[in-house]
Amino acid sequence: MSTIIMSQCWMLQGLSVTQKAVLISLADQASDDGVCWPAVGTVARRCCMSERAVRSAMDHLEQVGLVSRERRFNSSSVYKVTPAAYKPNEGLPPGKRKVGTGTPPAPGALGAPGAGDAPGAGGAGNAGGESGAGGAAPAAGLGLHGAPDPLHGAPPNHQLTIIEPSEEPPVAPPVAPPVAARTKAELKADQEAELQAACKVTWAAYRMAYATRYGVPPVRNEKVSSQMKDFVRRIGRGEAAAVAAWYVQSINEAWVVKACHDVGSLLSRAEAYRTQWATGRTVTATEATQLDRSQSNSTAADQAIAILRKKEPADA
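None of these values were measured; they are calculated from a predicted model. (Residues numbered from 1 in each chain as written. Predicted model: local features only at pLDDT ≥ 70, side-chain atom pairs only at ≥ 80, totals over all residues. Heavy atoms only, no water.)

1. Focus: the overall build of the protein chain
Under the convention used in this document: We count a stretch as a helix when DSSP gives it H or I for four or more residues in a row; a strand needs E for two or more, and each element gets its number in order from the N terminus. Partly exposed residues are those whose accessible area sits between 20% and 50% of the maximum for their type, while under 20% is buried and over 50% is exposed, using a 1.4 Å probe and protein chains only. Residue contacts are counted whenever heavy atoms from the two residues lie within 4.5 Å of one another. Here the open area of atoms and residues is found with the Shrake-Rupley method and a 1.4 Å probe, where only the protein chains shown may cover a residue.
Check the secondary structure of the protein chain and you find 11 helices and three strands. Each helix and strand of the protein chain, placed in order from N terminus to C terminus, yields the pattern α-α-β-α-α-β-β-α-α-α-α-α-α-α. For the protein chain, with 316 residues in total, the buried portion stands at 28%. In the protein chain, 57% of the contacts between residues at least 6 apart in sequence involve partners at least 24 apart. Summed over all atoms, the accessible surface of the protein chain reaches about 20900 Å², with 57% contributed by carbon and sulfur.

Laid out in structure tokens, this is it:
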């Protein structure tokens, strides 16, 4: 695992939950140069998703410059995670995959080849009395005097009779009935699935940072899971994982260290920790006390100046 690559990936924005999970999985297995070669099935099992979803996420990561891969025969592809090359504006919207363009049909597909040296089709009906013996029959798809026939390759009509179309008129495809609007229950189920996926990513970030600092994984039970879910709701799915990892790595307040960076302490000051993470500044209890005293002294000085200014006209 490369701590450098991992820390750079946590800070990236503009990715879906699925894409971020796949990126973090690759970074977790990468060397300091960003190189790894896990199988797609391995990444799918680690991220609790299908192999198809993993491939779709890798396509997007490769398109925005976060991952480059070298495909190998009968072996896992070699991936290189490159957070510095991230170009968020060059990717397709989440969930879109590339669609190949079709090749137009080759010209001359209509009509059949000439009939060879068969006798002419005119026979006794030819007004000009031309002999058909040994003459080449006109190619199917050509009308009188070699002119193109618009009737999809029908044979020429030397008697000038009306030729009925050989095909039935096109029938418009049936119109599919409108898709019913999604019910509230379905929308709620989708939102809950996205929230659960974000909780998994956030817990993985918190667990990794916790194990690095304390050497043991954190305890997870029903209470901890509920607290982590509330934390993701309050901070947002896009930033919760980065804030949770930063909390364990950077917060050294005595009461937090004494509680071993539990999730309850993280939840109790979720918004404050998010602001400190975003600004890159950690405020300790001592600094907070000093700021409070400075503010009090400044307020007292302003009040004294105001009193002196009121006395000046009276003294004059």
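Text resumes after the structure shown.
2. Some details on the nonpolar core
Quick reminder of the rule: Throughout this description, the term nonpolar core refers to a set of buried Ala, Val, Leu, Ile, Met, Phe, Trp, Tyr and Cys residues connected via side-chain atoms within 4.5 Å.
In terms of nonpolar packing, the biggest core is built from 60 residues, with V22, L23, L26, L66, Y206, F231 and Y247 touching the most fellow members. Discounting chain neighbours no more than four positions away, the residues touching Y206 are P218, M228, A244, Y247, V248, H261, D262 and V263.

3. Remarks on the pattern of salt bridges
Formally: By convention in these notes, a salt bridge is any Lys or Arg side-chain nitrogen within 4 Å of a carboxyl oxygen on Asp or Glu.
Taken as a whole and assessed by the stated rule, the structure comprises 10 salt bridges. When the shortest N-O distance is used, the salt bridge between D28 and R46 registers 2.3 Å. Highlighted residues: D28 in helix α2 (residues 17-29) and R46 in helix α3 (residues 40-47), separated in sequence by 18 residues. Of the charged contacts, one joins R269 and E253 as a salt bridge, the two residues approaching to 3.2 Å between their closest N and O atoms. One end of the pair, R269, is in the loop between α9 (263-268) and α10 (270-279); the other, E253, is in the loop between α7 (240-250) and α8 (254-258), and 16 residues separate them in sequence. For E253, a relative accessible area of 10% puts it in the buried group. One network of salt bridges, with partners in common, ties together D59, E62 and R69.

4. Side note on unusual backbone geometry
A positive phi is found at C48, a non-glycine position, where the angle reads about 60 degrees. Here C48 is to be found in the loop between α3 and α4 (51-63). Its relative accessible area of 54% is what places C48 among the exposed residues. Backbone geometry at C260 places phi at a positive 60 degrees, although glycine is not the residue there.

5. Notes on the environment of V43
Here V43 shows up in helix α3. Given the relative accessible area of 0%, V43 is considered buried. Linking V43 and V54, residues 11 residues apart in sequence, is a C-alpha distance of 7.2 Å. Residues in contact with V43, not counting those within four places in the same chain, are V22, S25, L26, P38, V54 and M58.

6. Some points on the pairing of strand β3 (residues 78-81)
Under the convention used in this document: Strand pairing is assigned whenever DSSP identifies at least 2 bridges connecting the two strands.
In this sheet, β3 lies alongside strand β1 (residues 35-36) in antiparallel orientation, the contact comprising two bridges. Paired with V35 across the strands is K80, a residue of β3.

7. With respect to the pairing of strand β2 (residues 67-70)
Only one face of β2 is covered, namely the face carrying V67 and R69; the face carrying S68 and E70 is uncovered. Where β2 meets β3, four bridges bridge the pair, whose relative direction is antiparallel. Bridge pairing in β3 links R69 to Y79.

Function-wise, these values are silent; they only describe arrangement.
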